[in-house]
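Notes for the structure review
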Amino acid sequence: AQKITQTQPGMFVQEKEAVTLDCTYDTSDPSYGLFWYKQPSSGEMIFLIYQGSYDQQNATEGRYSLNFQKARKSANLVISASQLGDSAMYFCAMRDGMNTGFQKLVFGTGTRLLVSP
Amino acid sequence: DTGVSQDPRHKITKRGQNVTFRCDPISEHNRLYWYRQTLGQGPEFLTYFQNEAQLEKSRLLSDRFSAERPKGSFSTLEIQRTEQGDSAMYLCASSPDRGYYNEQFFGPGTRLTVL
């Protein structure tokens, strides 16, 4: 069965420093996608970055990069040069069966990031 | 592009009442999803539409829950005979039917409180 594990309930980082948010996953399907979303206090989920199971390179999107280690089944999010506006909940999610019609995203429990000045 | 909108943003109801939420996806997105998020948890998938067809439905969606997307545009989620355990944020998302990973764009959610 699909499962996403985020073991860090909360993380603290100082402004302008880098931070890594951990995510491990479990699936028996060789074709899957991993997503990171940010949820500020307003509640809206904001898509940050995507990594496909067959992608050869780690995904990057501006200050966000994904440290994808397939053998360890981990997909950690790295935020470089943290900003105060990065303070939010961060969710890792997975969709497997990418070659089928299944569309369900399975989310982890999230990590609350607090960026201090 | 006005984004995914949901109405109402907040709903307080008494146990046993019926409630209905509406979701308007991003125009030209033919895929629409409903998720439920309880406090301290990530969103949990409820159901998925491609155009007007409901193609996936979670076991979380009991008989008291029904979702529709009659013309393949907006969708409604109805909860009959609400229970206190239904209190949660109900999130709607949409995605285009193109590309490989079909990023889901989320709305602001409807927060339901059942007294």
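Scope of this entry: the structure provided in the associated data block.

Definitions and cut-offs
- Counting restarts for each chain: residues are numbered from 1 in the order of the written sequence.
- Here the convention is simple: chains get letters from A, ligands get numbers from 1, in the order in which they are written.
- Local features in a predicted model are, by the rule used here, given only for residues with pLDDT of at least 70; side-chain atom pairs are given and counted only at 80 or more, and totals for whole chains, interfaces and linings are based on all residues.
- With hydrogens and water set aside, each side-chain value is computed from the structure's full complement of heavy atoms.
- Labels follow the DSSP assignment, with helices taken as runs of H or I lasting at least four residues and strands as runs of E lasting at least two, numbered in each case from the N terminus.
- Accessible area is worked out with a 1.4 Å probe on protein chains only. A residue is then buried under 20% of its type maximum, exposed over 50%, and partly exposed in between.
- Pairs of N or O atoms within 3.5 Å make up the polar contacts considered here, provided that, within protein, one atom can donate a hydrogen while the other can accept it, and that residues adjacent in sequence are counted only when both atoms are side-chain atoms.
- Contacts: residue pairs with any heavy atoms within 4.5 Å of one another.
- The term buried area denotes the loss of accessible surface (1.4 Å probe radius) that occurs when two parts are joined, taken as the sum for both partners.
- By salt bridge we mean one thing: a side-chain nitrogen of Lys or Arg within 4 Å of a carboxyl oxygen of Asp or Glu.
- Under this grouping Gly is polar, as are all residues other than the nonpolar Ala, Val, Leu, Ile, Met, Phe, Trp, Tyr, Cys and Pro and the charged Asp, Glu, Lys and Arg.
- Put simply, a nonpolar core is a bunch of buried Ala, Val, Leu, Ile, Met, Phe, Trp, Tyr and Cys residues held in one set by side-chain atoms that sit within 4.5 Å of each other.
- At least two DSSP bridges between two strands are required for those strands to pair.
- Only C-alpha atoms enter the line fits that serve as axes; for helices the fit covers just the stretch in contact. Angles between N-to-C directions range over 0 to 180 degrees.

With that out of the way, let us pick up the side chain of A:Gln51. Residue and element names in this part refer to chain A. Structurally, the position occupied by Gln51 is in strand 6 (residues 46–52). Residue Gln51 is classed as buried on the basis of its relative accessible area, which comes to 0%. Polar side-chain contacts of Gln51 include one of 2.8 Å to the backbone nitrogen of Ala59. Every residue in contact with Gln51, bar those within four places of it in the chain, is listed here: Tyr32, Gly33, Leu34, Gln57, Asn58, Ala59, Leu66 and Phe68.

Each partner contributes to the interface: chain A provides 22 residues, whereas chain B provides 21 residues. Each partner contributes to the roughly 1800 Å² buried at the junction of chain A and chain B, and carbon and sulfur atoms together form 55% of this total. Counting across the interface, chain A meets chain B through 0 salt bridges. Along the contact surface separating chain A from chain B lie 3 residue pairs in polar contact (both at pLDDT 80 or more). Of all the secondary-structure elements, those providing two or more residues to the side of chain A that touches chain B are strand 5 (32–39), strand 6 and strand 10 (88–96) of chain A. Looking at the side of chain A that touches chain B element by element, the count peaks at 3 residues for strand 5 of chain A. Considered class by class, the residues forming the side of chain A that touches chain B number 10 nonpolar, 9 polar and 3 charged.

Generally speaking, a soluble globular protein has its nonpolar side chains buried in company with each other. Residue and element names in this part refer to chain A. Counting residues in each nonpolar core, the largest one holds 24 residues, and the members touching the most others are Tyr25, Leu34, Trp36, Ile49, Leu77 and Tyr90. Put simply, the parts of the chain that give this core at least two residues each are strand 3 (19–21), strand 5, strand 6, strand 8 (64–69), strand 9 (74–79), strand 10 and strand 12 (111–116). With 4 residues, the single largest contributor to this core is strand 10.

Strands in a sheet are paired, the pairing made by backbone hydrogen bonds, and the direction either parallel or antiparallel. Residue and element names in this part refer to chain B. Strand order in the open sheet made by the 4 strands is 1-3-8-7, with antiparallel pairing throughout. If you trace the sheet from one side to the other, it starts and ends with strand 1 (5–7) and strand 7 (65–68), each paired once. Within the sheet, the average angular offset between the axes of one strand and its neighbour, ignoring direction, is 15°. Two strands pair when backbone bridges link them, and strand 1 and strand 3 (residues 19–24) are joined in this way by 3 bridges, in the antiparallel orientation. Bridge pairing in strand 3 links Asp7 to Arg22.

Now for the side chain of A:Thr27. Residue and element names in this part refer to chain A. Turning to its location among the elements, Thr27 is positioned in the loop between strand 4 (24–26) and strand 5. Residue classification places Thr27 among the buried positions, given a relative accessible area of 8%. Excluding residues within four positions of it along the chain, Thr27 makes contact with Tyr32, Lys73, Met94 and Asp96.

On their own, these measurements won't tell you what the molecule is for.
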